[in-house]
Amino acid sequence: MLPQLEVLRSSTTFLVYKRVKGFLFYIFTVLKYWKKRILLVGFTIFIIWYINCLPSVLFNCPYSTVLFDGNGNLLGAKIAKDGQWRFKAEKTIPEKMEKCLIEFEDRNFYKHYGISAKGIGRAIYQNIKSKKVVSGGSTLTMQVARMMRKNPPRTVAEKIIEMIIATRLEIRYSKKELLKNYLANAPFGNNVVGMEAAAWRYFGRKPEQLSWAESAMLAVLPNAPGLIYPGRNHQRLLEKRNRLLKRLFEAKQFDKTTYNLSLQEPLPNKPLPLPQFAPHLLNKFIKDGYEGKTIYSSIDYNLQLKAIELINAHSLILQQNKIYNGALLITSVKTGKILAYVGNTNLIDAEQGCAVDCIQAARSTGSILKPFLFEKCLEDGLITPTTLLPDIPTQYGSFSPKNFTKQYDGAIPANKALARSLNIPMVRLLNEYGLEKFHRELKLMGLTTLKRNAKHYGLSLILGGAEAKLWDLNLAYTQMAQQLKYNATKKITFLKDETDKKTKTQVIKMDEGCIYATFEAMVDANRPDEDGNWRAFSSQQKIAWKTGTSFGYRDAWAIGVTPDYVVSIWVGNADGEGRPGLTGLNAAAPLLFDVFSKLPTTVNWFTKPTDELEKVAICRESGHRASSLCNNSDMMQIPKPCLNTIACPYHQLVHLNVSRTHRVDSECETIFNMRHEAWFVLPPLIEKYYKFNHPNYKELPSYKLECMVKLADKAMALLYPKPNSKIYVPIEIDGKIGRTIFEATHRNLNSSIYWHLDDAYIGETKEIHQLALNPSVGKHKLLLVDENGISIQLKFEILGKDLGL
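Residues numbered from 1 in each chain as written. Predicted model: local features only at pLDDT ≥ 70, side-chain atom pairs only at ≥ 80, totals over all residues. Heavy atoms only, no water.

*Asks:* I'm lost on the pattern of salt bridges in this one. Help?
*Replies:* Proximity of charged atoms lets side chains of opposite charge pair with each other. Summed over the entire model, instances satisfying the criterion amount to 25 salt bridges. R107 is paired through a salt bridge with E103; the nearest N and O atoms lie 3.2 Å apart. Here E103 falls in the buried class, since its relative accessible area comes to 13%. The partner of K284 in a salt bridge is D288, with the nearest N and O atoms 3.5 Å apart. Here D288 and K284 lie together in helix α11 (residues 279–290), a separation of 4 residues that amounts to about one turn. We classify K284 as buried; its relative accessible area is 19%. A relative accessible area of 28% places D288 in the partly exposed class. Via salt bridges that share partners, E375, K376, E379 and E441 belong to a single interconnected network. (Salt bridge = Lys/Arg side-chain N within 4 Å of Asp/Glu carboxyl O. Buried < 20%, exposed > 50% of the residue type's maximum accessible area, 1.4 Å probe, protein only. Helix = DSSP H or I, 4+ residues; strand = E, 2+ residues; numbered from the N terminus.)

Set out below in structure tokens:
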């Protein structure tokens, strides 16, 4: 049995062997047949991968937001989202930096195609000799490939991949582009990435301004950024820098003197803080969608520093009155570019609101809108620049405007009312011009904060009833200056590039003659300050300027215009707290003139737009176009729209008796005994205040007694109440005492009647002579006076809820 079993096993083993051999032969036959095809497919896949191994953007990482002035001076920067200081690559590479980097990292950079066989061989030799990895043999291109792939672990496989990608980089990019990518993304120690950020962080200068020693120090940092950088391993860093300087000297990149001086240059001890000269503007750019970008602004570096210095110096004074915040804008009239943008003071205490950009904050306007109304009324033909405007007690419903001084001039030329910033004349002018119309014009001029309708603001709109941004006001005044000087407006922008599309400007065409007259009215540098005392601001140049103070002393404004610059200033507290003395003249105007003193002096004033002006006779007393009755007139150039104004309404032909002591008419004097004379006649209420400030004013003679009785009966009558009436005032539903409607009539439908209760002025009526009054319980005297001085008066008594009171 055993021999037979052994034979059986032998035959089975042979069979298995034969089958395996056959299978292997089949496999080798198939592989031999498909070998070329497999290699071809593999090669095709590799080529496809090789072609597409590079992303469209090599480095997709967040960048710092960097703000420069127009000449490349750093104004400020904000760290990238990943906590790194990383600036975008510049268009050019500084020559010193390029030579230092190539000498230190890759001498054959411009000779190889991404891989240096000599460098790899040297690295292998050094590693074997040192029995550890001391050199990687990577070219600059291979390092770009490594950084592009987020610095994966160092392995042989990764090194091969870097070599392959490096050759692809060499095909797609030029050598200069590869250098830019390296310098923009190489680590320079701490959280500094890229040459631009490193130059500013370690030396506070642009890379092209660095010395040989400084460039050499930066060149050696990426080699071991985690171990050696300013502030860490100082001696080792110094030795590496000096070795590189020696190699550069030996390569004849500079002379012996430069070499010796470079060796003596000290290393920075630690990273420097980046400048923060325009933090609010930087935040404005970020808010407008510029985050992570490098921005070249229109800011003038030196002017910005001067503006910061001035506003902080004034802030130290104002802080004594607990006024902590301020903002300043300087704009070029010629280009429309913002030259200085100081959004707030540089206080350390964050509680004082210094982080608020007060240029973009809406604040109560005070009187700063008055020049716009003056200009629009000139355009509309309502006034000439010198037209007399009433400055008398005035009331519109419950609104009773008051001048800052609580005094009245009676009447004042429009240009003087603007120069002295009187409230009452401007409120009356706004009422005549039209509230809705002016509200619409302000929006067209670029005031973006007028979100509500005109009725919401009412006539107080001209006195600070609305809010505006310093930015919007600066824009409006700049456009006025541009239209006057260049007959065109340019986009107001804080970007160096004029093609900025993010800053939208609403342009409204204004009459050049009216703008000129407005600026002339604003020029007078001797103004009454808002305490009633005269104060003079001296300046070497002609400046059109306007101040404003909001209700409650919360906001102080000052805006000045020359043919070259517009300077706009706001002073106050960011939280809206008012302070005594926080007025435009006291808090903002001194800073305005200090700023102008630092600007180049404007020699020539705006050219008079003679084509838009017309020479006409102007009444010397009323400021209107002279009528045939005006005895004294002057030839003046006024804006052409002012030709539509009415002729002087105040000069009247009056009839006097022979002795010229009383007025008469044909019912009380014969025509042959009358003397006719042109007389400057102001309405009674205006005259009451006007004559105190104008001692030469001649009051109109009174009528002869017999004439007065007849005229009063014919001219004016009081319909209600009747003389000696006793008036019972009913109690309203809400429990309050109701109002009584007093009514009069006048023969002349266009005449005004001035109402006085108990010798106090209470209002004016025209056409419809009705007033709703609520006199107290007791006896009262009512006096009505018309424009000709004719008056009627009566006495009446107000009774209480019942006759027993």
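*Asks:* I'm lost on the sheet that holds strand β23 (residues 740–746) in this one. Help?
*Replies:* Across a sheet, paired strands are connected by hydrogen bonds in the backbone, their directions being either parallel or antiparallel. Spatially, β21-β23-β26 is the arrangement adopted by the 3 strands of the open sheet, whose pairing is antiparallel. Across the chains shown, the open sheet's two edge strands, defined by having one partner strand only, are β21 (716–720) and β26 (770–773). For this sheet the average axis-to-axis angle between neighbouring strands, irrespective of direction, equals 25°. Sheet analysis places β21 next to β23, joined by 4 bridges and oriented antiparallel. By the bridge assignment, L718 is partnered in β23 with A744. (Pairing = 2+ DSSP bridges. Axes fitted to C-alpha atoms, helices over the stretch in contact; angles between N-to-C directions.)

*Asks:* Before we go on, may I ask you to explain the side chain of T394 in this structure?
*Replies:* As for its placement among the helices and strands, T394 is situated in the loop between β9 (388–391) and β10 (410–413). A distance of 2.8 Å separates a polar atom in the side chain of T394 from the backbone oxygen of I392. The contacts of T394, once residues within four sequence positions are left out, are F399, S400, P401, I424, R428 and Y761. (Polar contact = N/O pair within 3.5 Å; in protein donor to acceptor, adjacent residues only side chain to side chain. Contact = heavy atoms within 4.5 Å.)

*Asks:* I would appreciate a short explanation of the packing of helix α8 (residues 212–220) against helix α9 (residues 234–250) in the present structure.
*Replies:* Axes are the key here: two packed helices are described by the angle between their axes and the distance separating the axes. Two elements in contact, α8 and α9, have axes whose closest approach is 9 Å; the angle formed by their N-to-C orientations is 115°. Pair α8 / α9 crosses with right-handed handedness. The segment α8 lies against α9, with W212, A213, A216, M217, A219 and V220 engaging L237, K240, R241, L244, L245 and L248. Here the residues of the contact of α8 with α9 sort into 10 nonpolar, no polar and 2 charged. (Left-handed = near helix turned anticlockwise from the far one by under 90°. Nonpolar A, V, L, I, M, F, W, Y, C, P; charged D, E, K, R; others polar.)

*Asks:* So what exactly am I meant to see when it comes to the environment of N321 here?
*Replies:* Take N321: it is sitting in the loop between α12 (301–318) and β6 (325–332). Owing to a relative accessible area of 23%, N321 belongs among the partly exposed residues under this scheme. Along the sequence, N321 and G581 sit 260 residues apart, while their C-alpha atoms lie 8.3 Å from each other. If sequence neighbours within four positions are ignored, N321 has contacts with R579 and P580.

*Asks:* What's the story with the packing of aromatic side chains in this structure? I'm lost.
*Replies:* Any pair of aromatic rings gets described here by the distance separating the centres and the angle formed by the planes. Overall, the coordinates contain 19 aromatic pairs when judged by the stated rule. Among the aromatic residues, those joined into a cluster by ring pairs are Y650, F680, Y690 and Y697. K698 extends its terminal NZ or CZ atom over the ring of W679, reaching a point 4.7 Å from the ring centre. (Phe/Tyr/Trp six-rings, centres within 6.5 Å; stacked < 30°, edge-to-face > 60°. Lys NZ or Arg CZ within 6 Å of the ring centre and 35° of its normal.)

*Asks:* Help me understand the pairing of strand β14 (residues 544–549), please; the structure alone is not making it clear to me.
*Replies:* Within a regular beta strand, the side chains point alternately toward one face of the sheet and then the other, so they alternate between its two faces. Counting buried positions along β14 yields 6 of 6 residues, so the element is predominantly enclosed. Covered by surrounding structure in β14 are A544, K546 and G548 together with W545, T547 and T549, the residues of both alternating faces.

*Asks:* Even after reading the chapter, I still don't get the sheet that holds strand β27 (residues 778–786), so can you show me in this structure?
*Replies:* Pairing in this open sheet of 5 strands is mixed, and the strands run β22-β28-β27-β24-β25 from one edge to the other. Lying at the two open borders of the sheet, with one neighbouring strand each, are β22 (725–728) and β25 (760–766). The sheet shows a mean angle of 30° between the axes of neighbouring strands, taken without regard to direction. Alignment of β22 against strand β28 (residues 791–799), held across 4 bridges, turns out to be parallel.

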